[in-house]
Every structure is written in structure tokens, then in C-alpha cells.
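A closer look at the structure
Listed below, chain by chain, are the residues.
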Amino acid sequence: MSKLDSDHDYKPPVKKRVSKGLLLINTGNGKGKSTAAFGVMLRAWGRGLKVIVVQYIKHENAMFGEQLAAKRLGIEMIPSGKGFTWNSKNLNEDAALAQNGWRISRELISSGDYDIVILDEFTYPIKYGWIELKEVVDFLLNRPENVNVIITGRDAQPQLIKISDCVTNMDEIKHPYNDQGILAQKGIDY
Ligand code: ATP
Ligand code: MG
């Protein structure tokens, strides 16, 4: 039940303006999880903030629109995965790559050098058991307090949702692929 539907005793929290690193999660089956994170990336870049992206599941040598844009803006995007997992013949290698990405992510977050660290498609390596959920939760709870972290991916783990500050669930109402069989479009999907 949403706060709007709930009983009329609902009291909104006292408003406060503080500078605090937030944990944001974009999840759900609908399109828009990664692009919403890239929207924040652009907004933050416009404000002169330091942003970096670790991409957990992507084709190693592919250059997608977001990577081309990031390059031109001087934003670093670090690939940690190799191809999509459902094409993979070597699961151990995928696990190793994901764990490598997590090591890089921890270093970036702990350094305190970045205002925002985006962990794109990060829910999947946790779901596959390649990265331990408890370790992620403990690490994020103890990160430097001004570092914002954005996690994207379907099926966000309840433990992650519990410790986050902002969770958005993208609902699929229509998707051109599912409804019309239309394949990914340049500039819209990649
Ligand atoms: P986007 O990067 O467009 O914001 P996303 O991050 O929400 O998408 P992913 O699961 O990472 O979703 O999707 C990557 C690709 O899969 C994109 O090309 C996207 O259009 C496509 N896609 C996203 N949601 C759906 C869906 N519900 N059905 C089919 N394809 C989808
Ligand atoms: Mg995505």
C-alpha cells in the first residue's frame, strides 16, 4: 500500500536538508533502469561532480551510445563483465570477472574520490552467487558517508532494498520487443 492510500494518520517525516551519500536502486522488469542511472550521471556531471560507472554485464568490446557519450564527457566507464551470461560457456570466468569488478568497485567507493559510483547491472552477479550479498551489504553500510551509490538490475535483493534510501521499480507496461518483436534501436537501447 502506498503512503497516499494508507490511513489518514500518516505523518510525513520531518524535512531536513543534509548532505548524505545515498544508496539508490533502479530495479524491475521495465526498461529504464540503466538509462535513469545515466540520467543522474549527466545531471551530476553538469554540476561538476565526479561520477564513475562500473558495468557488470556488457559485451567486452562493444561501444554503446552511453560509452561514447561518457568518453566525450570525460566520464570513466569500466567494464567488468564479458558478454551476456546466457551466451557464456565458462561460468567460472564470468564469476571471476564479476568478482574483479566488485574489487574495483570497492576501491572506487572506499577512495572517497567519487561523488557517485554507478554499479550497472550489479544485481545479477549477486543473484548468480558470484558476489556475496552479505559482503555487499556490510561494505555499503560502512562506505564513506558522502559517496552516493546507484545500483541497477532486475530482482534487487530485499537486503539491498532494506539498506537503500531510494528504490524505483520500473514496471513494464509495453516494450517494443515483447509486443511487436522490434529489436533494440540505436540511441534508444544501445
Ligand atoms: P535501459 O538500458 O534501456 O534503461 P534497463 O537497464 O532497464 O534498460 P536491461 O535489462 O539492462 O534494462 O536492458 C538492456 C536491454 O534490454 C535494453 O536494450 C532494453 O531495451 C532491453 N529491455 C529492457 N527491458 C526490457 C523488457 N521488459 N523486455 C524486453 N527487453 C527489455
Ligand atoms: Mg540495464
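Residues numbered from 1 in each chain as written. Chains lettered and ligands numbered in written order. Predicted model: local features only at pLDDT ≥ 70, side-chain atom pairs only at ≥ 80, totals over all residues. Heavy atoms only, no water.

1. Notes on the overall build of the chain
The cut-off we apply is this: Helix numbering and strand numbering both begin at the N terminus, where a helix is a DSSP run of H or I of at least 4 residues and a strand a DSSP run of E of at least 2. A simple rule labels every residue: compare its accessible area, found with a 1.4 Å probe on the protein chains alone, to the largest value its type can have, and call it buried under 20%, exposed over 50%, or partly exposed in between. Note on definitions: a residue-residue contact is assigned when non-hydrogen atoms from the two residues lie within 4.5 Å. In this description, accessible areas are obtained by the Shrake-Rupley approach with a 1.4 Å probe, and a residue is regarded as covered only by the protein chains that are shown.
Assigned secondary structure in the chain consists of seven helices and six strands. Listed by position from the N terminus, the elements making up the chain come as β-α-β-α-β-α-β-α-α-β-α-β-α. Split into buried and exposed, the 190 residues of the chain put 39% on the buried side. Long-range contacts, defined as pairs at least 24 residues apart, comprise 79% of the intrachain contacts of the chain with a sequence gap of at least 6. Accessible area for the chain stands at about 12200 Å²; split by element, carbon and sulfur atoms hold 52% of it.

2. Section: the pairing of strand β5 (residues 148-152)
What counts here: A strand pair is defined by DSSP finding two or more bridges across the two strands.
Counting buried residues in β5 gives five out of five residues, a clear majority hidden from the surface. Of the two faces of β5, both are covered, the one formed by N148, I150 and T152 as well as the one formed by V149 and I151. Note that strand β4 (residues 116-120) and β5 share four bridges and pair parallel. Within β5, the residue paired with I118 across the bridge is I150.

3. Quick look at the coordination of the magnesium ion (ligand 2)
To keep things clear, this is the line we draw: Donor criterion used throughout: N, O or S atom within 2.8 Å of the metal, extended to 3.2 Å for Na, K and Ca. Water excluded; incomplete-looking sites may result.
Distances from the magnesium ion (ligand 2) to its protein donors, S34 (OG) and E121 (OE), fall at 2.1 Å. With a gap of 87 residues between them, S34 in helix α1 (residues 33-46) and E121 in the loop between β4 and α4 (123-127) connect regions that are remote in the sequence. Residues S34 and E121 agree in their burial class; the two are buried.

4. Here's the deal with the pairing of strand β2 (residues 51-55)
In terms of residue burial, β2 counts as a mostly covered element, since five of its five residues are buried. Burial along β2 is two-sided: V51, V53 and Q55 and I52 and V54, pointing in opposite directions, are all buried. Pairing between β2 and strand β3 (residues 76-79): four bridges, direction parallel. By the bridge assignment, V53 is partnered in β3 with M77.

5. Topic: the sheet that holds strand β1 (residues 23-27)
Threshold: Inter-axis angles, ranging from 0 to 180 degrees, are taken between N-to-C directions of lines fitted to C-alpha atoms, where helices are fitted over the stretch in contact.
Read across the sheet, six strands follow the order β3-β2-β4-β5-β1-β6 without closing on themselves; strand pairing throughout is parallel. Strands with a single pairing partner mark the edges of an open sheet, and in this sheet they are β3 and β6 (166-169). The sheet shows a mean angle of 15 degrees between the axes of neighbouring strands, taken without regard to direction.

6. Some details on the confidence of the model for the chain
To keep it simple, the criterion reads: The predictor attaches a confidence to each residue, called pLDDT, with possible values from 0 through 100.
When pLDDT is averaged across the chain, the result is 90; 88% of the residues are at 70 or more. Contacts of residues 82-86 to residues separated by more than four positions or lying in other chains number 14 contacts, the stretch itself having pLDDT below 50.

7. Things to note about unusual backbone geometry
The backbone of E121 shows a phi angle near 65 degrees, a positive value even though the residue is not glycine. With a phi close to 55 degrees, D155 is a non-glycine residue in the positive phi region. Counting through the fold element by element, D155 comes out in the loop between β5 and α6 (158-163). In this structure D155 comes out as partly exposed when scored by relative accessible area, which is 44%.

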